Amino acid sequence: MADPTREQILDAARGLVPVLRGRAPEAERIRRIPGETIADLRAAGLWNILKPERFGGVETDYRLMIDVTIELGRGCAATSWVYINLVAHNWMLPYWPARAAEDIWGEDRDALIGSTLVFPAGRLAPADGGYRLTGRWPYASGVDSSDWMMLGAIGQGPGDEAPGPRIVLVRAADIEIVDTWHVSGLVGTGSKDVACEDLFLPGHMVLDMAPSQEGYPPETEGMSDAYRLPLLPLIPHLVAAPMIGAAQAAWDDYAGHLREQVSTYNRSRVAEHVTVQLKLAEAAQLVEIARLLVREDCLEAEALIAARAPLPLIDRARWRRNGAWAARCCVQAVDLIHSACGARANYLTSDLQRQHRDIHAAAHQIHLSWDINGAEFGRIAAGLAPGNALL
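Here the structure is a predicted model, which means the values were calculated and not measured. (Residues numbered from 1 in each chain as written. Predicted model: local features only at pLDDT ≥ 70, side-chain atom pairs only at ≥ 80, totals over all residues. Heavy atoms only, no water.)

## Observations regarding the overall build of the chain
Across its full length, the chain holds 10 helices and eight strands. The C-alpha radius of gyration of the chain comes to 21 Å, within 12% of the 21 Å expected for a compact globule of 391 residues. Taking the principal axes of its C-alpha atoms as reference, the chain extends roughly 75 × 50 × 45 Å. Out of the 391 residues in the chain, the part that is buried amounts to 53%. Expressed as a percentage of contacts within the chain between residues at least 6 apart in sequence, the contacts between residues at least 24 apart total 73%. Across the chain, the mean location of the 37 positive side-chain charges is 5 Å away from that of the 49 negative side-chain charges. (Helix = DSSP H or I, 4+ residues; strand = E, 2+ residues; numbered from the N terminus. Rg over C-alpha atoms; globule rule 2.2 N^0.38 Å. Buried < 20%, exposed > 50% of the residue type's maximum accessible area, 1.4 Å probe, protein only. Contact = heavy atoms within 4.5 Å. Lys, Arg positive; Asp, Glu negative; His and termini not counted. Charge placed at Lys NZ, Arg CZ, Asp CG, Glu CD.)

Take a look at the structure:
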């Protein structure tokens, strides 16, 4: 049976938008993604994107993860956020020795992998035959739906002069979930804390970050070019994608509402007000800028990888800068719409109040911080060494 085309996969995502929108209040009520949604995403084949073919996946381009996430974000930002946080690990897992993927997908092809890559939260020490892991990590989005977790840690391997950042793979059943997720935005993501104490890990489940910094990680030799992209520079584009979808949904809803809205105060047609027209136009422009920035950066990176060209440090910093700016554009777009919408945006029955909260919560993700990523680009552009050792 032939793999689905790119457009067929996107159509499957678009078909779920009204379903996700209908379930968004339930996801917020239970503070996690409903099990029915996880099953619907599986039935639509959306968990298979960029999973290696030998494990039943579809080896697509990197951008498809982002495009599908944007579509899902039009229905529910929390679902979209969890989706990209889990499906992106299909793309990341081939960075590990091949035995790691066999341990996970060889056992269960449907296994989902969550993460929290807060490196200082975990301590990794060499042990006989592997490592010992101890720590407590915040922001484990989608952990309730995950079978495995990627956790950031600081550790030292055999022969290393100093500890460095590592990402480890652990079974979700082997760690404790600590329910700390009582928040105002992205409530449905269930981004709880996780913890473990002196957990043994075999050596092949531990990834040294250094080989992934500039792309072309050695473990992906001979695989699709998508797996040869650098890890850190394009992560902002992944987490900006739910924001683009949610901002687009807010704009679509408001534009549609304006076609019939009449002012409660003086019964004038709201769409006739030039100030409203300008806010609608500016918000549309901001969402489009965000979408284009993300798309063009990915196309540029893909072209460099296809040409087997080096990925200059300034470009890697620029991509992170652009991802953060895309997120900022989405916040500004939804703020404009929210300010123009009037008092109805305050009602809990309005999707806009949830989109507004979700957008602002998403913008707090560290990879989307303009203060960090903008300054890092300026630093490198001015000839200074990068402040981010992982870049």
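That was the structure; now back to the text.
## Here's the deal with the side chain of histidine 367
Within the secondary structure, histidine 367 is located in the loop between α9 (351–362) and α10 (370–381). Residues within four places of histidine 367 in sequence aside, it is in contact with Leu232, Ile235, Pro236, Val239, Arg320 and Asn373.

## Digging into the layout of surface pockets
Considered as a void within the structure, the largest pocket measures approximately 950 Å³ in volume. If you go around the largest pocket, you meet 37 residues; those closest to its centre are Leu117, Val118, Gln365, Ile366 and His367. Elements that contribute at least two residues to the lining of the largest pocket include exactly α4 (77–92), β1 (113–116), α6 (235–258), α9 and α10. Counting residues per element, the lining of the largest pocket draws most heavily on α4, which supplies six residues. (1 Å grid on protein atoms, 1.4 Å probe; cavity = no way out; pocket = protein on both sides within 12 Å on 5 of 7 lines; lining within 4 Å. Points joined across faces, edges and corners; volume = space filled by probe spheres on them.)

## Some words on α4
Here α4 is 16 residues long and its end C-alpha atoms lie 22 Å apart, about the 22 Å a rise of 1.5 Å per residue gives. Judged by how many residues are buried, α4 sits mostly within the fold: 16 of 16 residues are covered. (Expected span 1.5 Å × (residues − 1).)

## Observations concerning the side chain of glutamine 353
Along the chain, glutamine 353 falls in helix α9. A polar contact of 3.0 Å, which involves the side chain of glutamine 353, links it to the backbone oxygen of serine 350. Sequence-distant contacts of glutamine 353, that is, excluding residues within four places in its chain, are made with Ala345, Tyr347 and Leu348. (Polar contact = N/O pair within 3.5 Å; in protein donor to acceptor, adjacent residues only side chain to side chain.)

## A few points about the packing of aromatic side chains
The full count for this structure, using the stated rule, is five aromatic pairs. Pairing tryptophan 47 with tyrosine 83 gives two aromatic rings, centres 5.2 Å apart and planes at 40°, and the pair type is tilted. Of this pair, tryptophan 47 sits in the loop between α2 (35–43) and α3 (62–73) while tyrosine 83 is found in helix α4, placing the two residues 36 residues apart along the sequence. A residue is classified by how much of its surface remains accessible, and tryptophan 47, at 4% relative accessible area, is buried. Here tyrosine 83 falls in the buried class, since its relative accessible area comes to 0%. Look at tryptophan 325 and tryptophan 370: their rings are 4.9 Å apart centre to centre, the planes differ by 65°, and that puts the pair in the edge-to-face class. Within this pair, whereas tryptophan 325 is found in helix α8 (residues 313–341), its partner tryptophan 370 is found in helix α10, the two being separated by 45 residues in sequence. Of the residues examined, tryptophan 325 reaches a relative accessible area of 33% and is grouped as partly exposed. Its relative accessible area of 29% is what places tryptophan 370 among the partly exposed residues. (Phe/Tyr/Trp six-rings, centres within 6.5 Å; stacked < 30°, edge-to-face > 60°.)

## A closer look at the nonpolar core
Counting residues in each nonpolar core, the largest one holds 106 residues, and the members touching the most others are Met65, Val68, Trp91 and Leu93. Look past the residues within four positions of leucine 93 in its chain and what remains in contact with it is Ala100, Ala101, Ile104, Trp105, Ile113, Met150 and Leu169. (Core = buried A, V, L, I, M, F, W, Y, C linked by side-chain atoms within 4.5 Å.)

## Focus on empty space enclosed by the protein
One way to see where empty space is left: roll a probe the size of a water molecule over the atoms. Applying the stated rule across the entire model yields three cavities of 30 Å³ or more. Looking at the largest cavity, it is lined by 13 residues, and the ones nearest its centre are Gly75, Cys76, Ala77, Arg354 and Gln355. Mapped by element, the contributors of at least two residues to the lining of the largest cavity are α1 (6–30), α6 and α9. With four residues, the top contributor of residues to the lining of the largest cavity is α9. Taken together, the residues of the lining of the largest cavity sort by class into five nonpolar, three polar and five charged. (Nonpolar A, V, L, I, M, F, W, Y, C, P; charged D, E, K, R; others polar.)

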